Amino acid sequence: MVERSRAAMGVTVTNAMTQACAGCAVRHAGLCSALSSDEIADLTAIARRKHLSPGQSLVLEGDTAREFANITDGVAKLVRGAEDGRSQIVGLLFQSDFIGAAPGTGQAQTEPHSIVAVTELELCLFPRQRFDTLLHRYPTLENKLLQQTLDELQLARDWMVLLGRKTAEERVATFLLHVAQKMRNSGCGPLDTFDLPLGRADIADYIGLTIETVSRQISKLRKAGIIALDGAKSVTYVDYEGLKERAGF
């Protein structure tokens, strides 16, 4: 009787995941975009869903990586600690982004960053060993992850240029373009209007400026007619090409 109950529970969970997967807003942009229906069913069979509220951590820096994750809704930040006790935001993760250290190696990995929810965050989690098994079984999945890794590497290189060479105005303009581009690529919304996922303090931390400088540069872009603001976080592009020029492109 107990075994039957467990089996029934397993079917219920699988059915719930299948329904959630079918209605997933990032199915076209995330890992699943590289898979057939049968392959998606195999991935769904090992998945579980998780919700995090703003400020909650998925993992902490130095933890053993036991699961991979795919963001289906919301924004998270990558945080790394310094020896003096301070922390630094080193990256942002959006809808359809994949979370996990070195998939496919079959070995335990240490998380290089803490991953913290910035907004309400919805994720699909996959046990490491079972995900690695699927990764080796389906080359299309492996290729998709490789492409995402290469994209992240290029982004990291671009960010090094931003922090090392760009002016304060160029940094703020580049940040606004980066957020809009990520949201558009993941299907979060139109390119011309979006809500900033970070407050002024976190933006300043992320792009290496002070809060006052970030606020001053955003006001400067607004007064120049390049962006429009609705409240503290809603941004609308008025002059997209002008913003690209201010970003130094």
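Residues numbered from 1 in each chain as written. Predicted model: local features only at pLDDT ≥ 70, side-chain atom pairs only at ≥ 80, totals over all residues. Heavy atoms only, no water.

Caption draft 1: Expanded view of the pairing of strand E12 (residues 227–230). Of the pairings in the sheet, the one linking E12 to strand E13 (residues 234–237) comprises four bridges and is antiparallel in character. Following the sheet pairing, Leu229 is matched in E13 by Val235. Joining the antiparallel neighbours E12 and E13 is a turn of three residues, in which Gly231 adopts a positive phi near 80 degrees. (Pairing = 2+ DSSP bridges. Helix = DSSP H or I, 4+ residues; strand = E, 2+ residues; numbered from the N terminus.)

Caption draft 2: Layout of the environment of Ala117. With respect to the helices and strands, Ala117 occurs in strand E9 (residues 114–117). For Ala117 and Leu52, which are 65 residues apart along the polypeptide, the C-alpha to C-alpha distance reads 6.4 Å. Contacts of Ala117, omitting those with residues within four sequence positions, involve Leu52, Ser53, Pro54, Gly55, Gln56, Val75 and Ala76. (Contact = heavy atoms within 4.5 Å.)

Caption draft 3: Region of interest: the sheet that holds strand E11 (residues 193–195). Read from one edge to the other, the open sheet built from three strands follows the order E11-E13-E12, with strand pairing classed as antiparallel. At either margin of the open sheet sits one strand with a lone partner, and together these are E11 and E12. Here the average twist between neighbouring strands, direction ignored, is 25 degrees. (Axes fitted to C-alpha atoms, helices over the stretch in contact; angles between N-to-C directions.)

Caption draft 4: Molecular detail of helix H2 (residues 37–45). Glu39, Ile40, Leu43 and Thr44 are the residues of H2 that are buried. One side of H2 holds all its buried residues, which, seen down the axis, span an arc of 140 degrees. (Buried < 20%, exposed > 50% of the residue type's maximum accessible area, 1.4 Å probe, protein only. Arc of directions from axis to C-beta.)

Caption draft 5: Quick look at the sheet that holds strand E10 (residues 121–127). On the basis of which strands lie adjacent, the open sheet formed by four strands has the order E1-E10-E4-E7 and antiparallel pairing. Because the sheet does not close on itself, it has two edges, and the strands there are strand E1 (48–52) and strand E7 (98–99). On the sheet, helix H3 (residues 128–137) packs against strand E4 (67–73), E7 and E10 and is oriented at approximately 75 degrees with respect to E10.

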